[in-house]
Amino acid sequence: MTEFFRQSLSITVKDLRLEMRSKEALNASLSFALVILLLFSFAFDPSSEHTREISGGLLWLVFAFAGVLVLNRSFARELPNDCLEALVASPVSGAALFLGKALANFILLMALELLCLPVFGIFYNVNWTAQFWNLLLVLALATWGLTVIGTTFSALTVNLRLRELMLPVLVYPMMIPALMAAMELTTHLIAGQPLSADLWLWLRLLIGFDIIFTALALALIEVVLVS
Amino acid sequence: MDERNLTYMFYGFLSAWVILAGYVVTLAAREGRINRQIENLRRMIEGKESSKL
Amino acid sequence: MGTKILYVLGALAAVLLVRNLYVILLGLPDEKDQGAIYRIIFFHLPAFFTAALCYLTALISSVVYLVRKSQRADDLALSATEVGLAFAAVNLVTGMIWARIIWGIWWTWDARLTWALITWLIYAGYLMLRRAIDDPSERAKNAAVLCIFAFASVLITWKSIDWWRTQHPGAVLSIRGAEGGLDPAMESMIYFNWLALLLLCIVLVAVRMRQERVQREIDALRRHAHAL
């Protein structure tokens, strides 16, 4: 068991190191996220009270759009020089490979989100520090949900010519429950409300989503990777 | 109850039938294409095999 | 399934559909609140039941494919999904036409409507993925995995959208309300028409499955022709 986690961790470290050297996915997704934040200011009046009410939704749309850029690269990065085949052929199990990659994506997405939050707070006059630790919990849970779905589908579509087109089409409808819960929770937390019983319902949904899809992904990823 | 009520009922039934009929048409088109392809292939293979003998 | 059985089932479905149509239009009276338009429910609900059954069939055959690698299971998963999408489209469109009269709008972001639309998009994505993969065994395998994910997501979405929409008062307009005091004759008609649509569905799925089998035969013949 410890062997399994050690292998996952070495995959995570490998992916993060690769990303830190090139920074291609992170740079692209971060600038993309900023552009969307800017575009939203034209669609909605950023200073109005009404925009405050939908701020959670806006924020998660930005994360979802920018996040898919990172997720898209996750398995595609291994294609040149047949690295993916080497990884699959290596003694690392499919589940360990998946967990390692998911963890790396998770860390990258969390970094992206934490960089976007202050910018969002400044431009949209939102006090995101009001319930910071609860917000961090929601960010982590929802991001893990997006990451698991995204990483699995990144593996599913890695060999396609139309990879960049297929991934968003498949991934966004699947992510809807997690995105809904995250939007609802974030909107309330940004407004400074504590986690009430109503919000616990959404938190439970997020946890359930994470558990169900993590289990499904770990069980099925071996089938996906071995061809 | 305005008179659109009855018209829209017919639209509803019509749309249900049109969608199903549309699907059946695509099925039939595919059936025709597949049959043509398999006919052509069989003929081609027979032709090649007889020319070999 | 033999061609003869398919013809018999198809004929049976056609006879039943015509008979139902006759009873629906001429035998049953108008509903007192909704007038004639309520008759759409005789297609709306059975189409939904049929589509749901198709999705379930696709899930089960996808699991069977992953366990047994049986080609027929993959054919069934594809065929059931495709036919299910057609019936789901009937469900959505008839519902919209009904809503135009009863609610005055084509679409409302009510829980059930939103869910039905998302489900449709998810399964349409399944068909798109299949089209994008060329290698047959790779296609079957990846599609089966996607189908399992899709079903799980559809179940979770169903529950969560209910919470989401019911948290916004005013948007909770439900079709179920109209069904509460349904006349027994009308209720049995729903089941009768479901039977008819189900027969039709079985015929369509069987035809689609046979097409997949023949398509594989064609591919094999092509390879054979190349080898000659």
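Being a predicted model, the structure only gives us computed values, none of them experimental.

Caption draft 1: Representation of the overall build of chain C. Broken down by element type, chain C carries seven helices and zero strands. If one aligns the C-alpha atoms of chain C with their principal axes, the spans along those axes are about 70 × 45 × 25 Å. With 228 residues in all, chain C has 43% of them scored as buried. Considering only intrachain contacts with a sequence separation of at least 6, the fraction spanning at least 24 residues in chain C is 79%.

Caption draft 2: Seen up close, the overall build of chain A. When you go through chain A residue by residue, the secondary structure sums to nine helices and zero strands. In sequence order, the secondary structure elements of chain A are arranged as α-α-α-α-α-α-α-α-α. Taken over C-alpha atoms, the radius of gyration comes to 18 Å for chain A, in line with the 17 Å a tight globule of 227 residues would show. Out of the 227 residues belonging to chain A, those deemed buried represent 44%. Of the contacts made within chain A by residues no fewer than 6 positions apart, 86% connect residues no fewer than 24 positions apart.

Caption draft 3: Structural context of the interface of chain C and chain A. The interface of chain C with chain A comprises 23 residues on the first partner and 22 residues on the second. Considering every element that reaches the side of chain C that touches chain A, the biggest residue donor is helix α5 (residues 136-166) of chain C, with 14 residues. Along the lines of polarity and charge, the residues of the side of chain C that touches chain A split into 16 nonpolar, five polar and two charged.

Caption draft 4: Spotlight on the interface of chain C and chain B. Each side of the interface is counted separately: chain C has 29 residues, and chain B has 25 residues. Looking at side-chain class alone, the side of chain C that touches chain B contains 19 nonpolar, five polar and five charged residues.

Caption draft 5: The environment of C:Leu113, seen in detail. Residue and element names in this part refer to chain C. Of note, Leu113 is situated in helix α4 (residues 111-132). Residues Leu113 and Leu16, 97 residues apart in the sequence, show an inter-C-alpha distance of 29 Å. The residues contacting Leu113, other than those within four sequence positions of it, are Trp107 and Thr108.

Caption draft 6: Structural context of the nonpolar core. In this structure, A:Ala182, C:Ala77, C:Phe87, C:Val90 and C:Cys147 are the most contacted members of the largest nonpolar core, which totals 146 residues. Top contributing element to this core by residue count: helix α3 (residues 71-102) of chain C, with 18 residues. With sequence-adjacent residues up to four places away left out, C:Cys147 is seen in contact with C:Ala58, C:Leu59, C:Ser62, C:Ala77 and C:Tyr126.

Caption draft 7: Looking closely at the packing of helix α7 (residues 132-156) of chain A against helix α8 (residues 163-190) of chain A. All names here are of chain A. Two elements in contact, α7 and α8, have axes whose closest approach is 10 Å; the angle formed by their N-to-C orientations is 175°. Of the possible angle classes, the one that applies to α7 and α8 is roughly antiparallel. Two secondary-structure elements touch here, α7 through Asn134, Leu135, Val138, Ala142, Gly145, Leu146, Ile149, Gly150, Phe153 and Ser154 and α8 through Leu167, Leu170, Val171, Met174, Met175, Ala178, Ala181, Ala182, Leu185, Thr186 and Leu189. Of the residues in the contact of α7 with α8, the class split is 16 nonpolar, five polar and no charged.

Caption draft 8: Up close: the packing of α8(A) against α4(C). At their nearest, the axes of α8(A) and α4(C) sit 9 Å apart, and the two run at 150° to each other. Comparing their axes, α4(C) and α8(A) come out roughly antiparallel. Note on packing geometry: the crossing formed by α8(A) with α4(C) is left-handed. On α4(C), the residues that touch A:Met166, A:Val169, A:Leu170, A:Pro173, A:Met174 and A:Ile176 of α8(A) are C:Ile118, C:Leu121, C:Ile122, C:Gly125, C:Met128, C:Leu129 and C:Ala132. Residues that form the contact of α8(A) with α4(C) fall into these classes: 12 nonpolar, one polar and no charged.

Caption draft 9: Spatial organisation of the environment of C:Leu9. Residue and element names in this part refer to chain C. Topologically, Leu9 is positioned in helix α1 (residues 3-27). Between the C-alpha atom of Leu9 and that of Leu199, which follows or precedes it by 190 residues, the distance is 6.4 Å. Dropping the residues within four chain positions of it, Leu9 is found in contact with Leu199, Ile202 and Val203.

Caption draft 10: The confidence of the model for chain C, seen in detail. Residues and elements named next belong to chain C. Put simply, chain C has an average pLDDT of 85, and 91% of its residues get 70 or more. The least confident element of chain C is helix α6 (residues 176-179), whose mean pLDDT is 45; the most confident is helix α2 (residues 41-68), at 93. For the stretch residues 168-180, pLDDT sits under 50, and the model shows 15 contacts to residues farther than four places along the chain or on other chains.

Caption draft 11: Expanded view of the arrangement of the chains. Ranking the two pairs of chains in contact by contact count places chains B and C at the top. Separated without contact, chain A and chain B have their nearest C-alpha atoms at a distance of 23 Å.

Caption draft 12: How the structure looks around unusual backbone geometry. Residues and elements named next belong to chain A. A positive phi angle, near 55°, is found at Asp82, a position not held by glycine. In this structure, Asp82 sits in the loop between α4 (55-76) and α5 (83-89). The residue Asn125 is not glycine, and still its phi comes out positive at about 55°. Mapped onto the fold, Asn125 is located in the loop between α6 (94-123) and α7. What makes Asn125 exposed here is the crowd of 12 C-beta atoms within 10 Å.

Caption draft 13: Up close: the environment of B:Leu20. Residue placement: B:Leu20 occurs in helix α1 (residues 4-52). Judged by C-beta crowding, with 22 C-beta atoms within 10 Å, B:Leu20 ranks as buried. For the pair formed by B:Leu20 and B:Ile45, sequence separation is 25 residues and the distance between their alpha carbons is 37 Å. Discounting residues that sit within four places of it in the chain, B:Leu20 has contacts with C:Ala86 and C:Val90.

Reading the values: rules and limits
Residues numbered from 1 in each chain as written. Chains lettered and ligands numbered in written order. Predicted model: local features only at pLDDT ≥ 70, side-chain atom pairs only at ≥ 80, totals over all residues. Helix = DSSP H or I, 4+ residues; strand = E, 2+ residues; numbered from the N terminus. Buried ≥ 20, exposed ≤ 12 C-beta atoms within 10 Å, placed from the backbone. Contact = placed C-beta atoms within 7 Å. Rg over C-alpha atoms; globule rule 2.2 N^0.38 Å. Nonpolar A, V, L, I, M, F, W, Y, C, P; charged D, E, K, R; others polar. Core = buried A, V, L, I, M, F, W, Y, C linked by C-beta atoms within 7 Å. Axes fitted to C-alpha atoms, helices over the stretch in contact; angles between N-to-C directions. Parallel < 35°, antiparallel > 145°, perpendicular 65-115°, else oblique. Left-handed = near helix turned anticlockwise from the far one by under 90°. pLDDT = per-residue confidence, 0-100.

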